[in-house]
Amino acid sequence: MIGQFIRDHEALYLFLRNPMAIIAAVLTVLIVAGAALAPWLVTTDPYNLASFSLIDGLLPPTWQDGGTARFVLGTDDQGRDMVSAILYGARLSLFIGFTAMALAAIIGVSVGLAAGYFGGRFDAVVMRIADIQLALPAILTALLVDGVSRGLLPREQHDDLRVFVIVLAIALSLWVNFARTARASTFVERNKDYVSAAVIMGQHPLRVMFVQILPNIVGPLLVIMTVDLAAAILLEATLSFLGIGLPTDSPSLGTLIRIGMQFMLSGEWWILWTPTIFLVALVISINVLGDFLRDVFNPRLR
């Protein structure tokens, strides 16, 4: 019965026959669960300066001489437990990545649906804007948005809104992928009978786009969501690494890597390499899942 159920559900069948997808899914679930449950899994809060001591600074991992069982992956120069810092950092990076990806999806899908459905000058204007943005690397767009926000907002207000500014900067860097995918899929769907029937029945264009067309183009959009989630996490890490993202008292994975770079040649390798390996594992796992979803929704690529 179980075997028949699996064979009747193609996506599940393909998933169970793909070892890389299984490993990526397990690793992603473990990382996301560890980040979500960080307050209950670790004993110290890396955002609370009173929770760690400078006396415990620069302790190596447990398996290295001088290490202690209290700090499995060692501590940084401030005595901050690396396990706690990484889990809390992943928690913040994932929050920013998910939020930025969701905002980019809302903007891109809405604009892409409208461009594909109405066509004409609106479509031409949207695509020219998209082409211009595609000519710029995403990191430059994010830097531009962050720079404009710094110029418009007072410093204290900008610091208070730092997370929101980063989310907005990343979202405005990634909306184009959603817009182009939604537009291309809408071009295909808008000439089908069910759309023509909805128009003849007098349904509002917004209802046609979001109720009739959107559910039928969600497959390709799921692939873009997965890929752009990894891109959003990397963008946040890059901005924090460059020192214009999150501050050192609210470390994300990118901030931890920037701090670790200061100790790269001093022998305290774990401060740099543990968050780096964690970030690489997270991004690769999400990308592998994205490749699997692409194969599921496009049989010609199998």
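Reading guide: rules and limits
Residues numbered from 1 in each chain as written. Predicted model: local features only at pLDDT ≥ 70, side-chain atom pairs only at ≥ 80, totals over all residues. Heavy atoms only, no water. pLDDT = per-residue confidence, 0-100. Helix = DSSP H or I, 4+ residues; strand = E, 2+ residues; numbered from the N terminus. Contact = heavy atoms within 4.5 Å. Axes fitted to C-alpha atoms, helices over the stretch in contact; angles between N-to-C directions. Left-handed = near helix turned anticlockwise from the far one by under 90°. Buried < 20%, exposed > 50% of the residue type's maximum accessible area, 1.4 Å probe, protein only. Arc of directions from axis to C-beta. Phe/Tyr/Trp six-rings, centres within 6.5 Å; stacked < 30°, edge-to-face > 60°.

## Observations regarding the confidence of the model for the protein
Then comes step 1: Confidence in the prediction of the protein, expressed as mean pLDDT, is 84, and 92% of residues score 70 or more.
Then comes step 2: Ranking the elements of the protein by mean pLDDT puts helix H1 (residues 2-8) last with 45 and helix H5 (residues 82-118) first with 92.
Then comes step 3: Confidence drops under a pLDDT of 50 for residues 1-8, and excluding neighbours within four residues, the segment shows five contacts in the predicted structure.

## Things to note about the packing of H5 against helix H9 (residues 162-189)
Then comes step 1: Running from N to C, H5 and H9 point in directions that differ by 35°, and their axes come no closer than 5 Å. In this structure, H5 meets H9 at a crossing whose hand is right-handed.

## A word on helix H11 (residues 205-213)
Then comes step 1: Considered for burial, the residues of H11 that qualify are Val208, Met209 and Ile213. Considered in projection along H11, the buried side chains sweep an arc of 95° and stay on one side of the axis.
Then comes step 2: Where H11 is buried, its residues touch H5, H9 and helix H10 (193-200).

## Details of the environment of Leu143
Then comes step 1: Residue placement: Leu143 occurs in helix H7 (residues 138-152).
Then comes step 2: Distance from Leu143 to Phe292, taken between C-alpha atoms, is 32 Å for residues 149 residues apart in sequence.
Then comes step 3: Sequence-distant contacts of Leu143, that is, excluding residues within four places in its chain, are made with Leu239 and Ile244.

## Brief notes about the packing of aromatic side chains
Then comes step 1: Evaluation of the coordinates by the stated rule reveals three aromatic pairs.
Then comes step 2: Each ring, one from Trp63 and one from Trp269, has its centre 6.5 Å from the other, and the planes form 40°; the classification is tilted. On the criterion of sequence distance, the pair formed by Trp63 in the loop between helix H4 (38-41) and H5 and Trp269 in the loop between helix H13 (253-261) and helix H14 (270-297) is long-range, its members being 206 residues apart.
Then comes step 3: Between Trp269 and Trp270, the aromatic rings sit 6.0 Å apart at their centres with planes inclined by 85°, giving edge-to-face as the arrangement.
Then comes step 4: The class of Trp270 is buried, set by a relative accessible area of 3%.
Then comes step 5: Put simply, the rings of Trp63, Trp269 and Trp270 touch in pairs and so form one group of aromatic residues.

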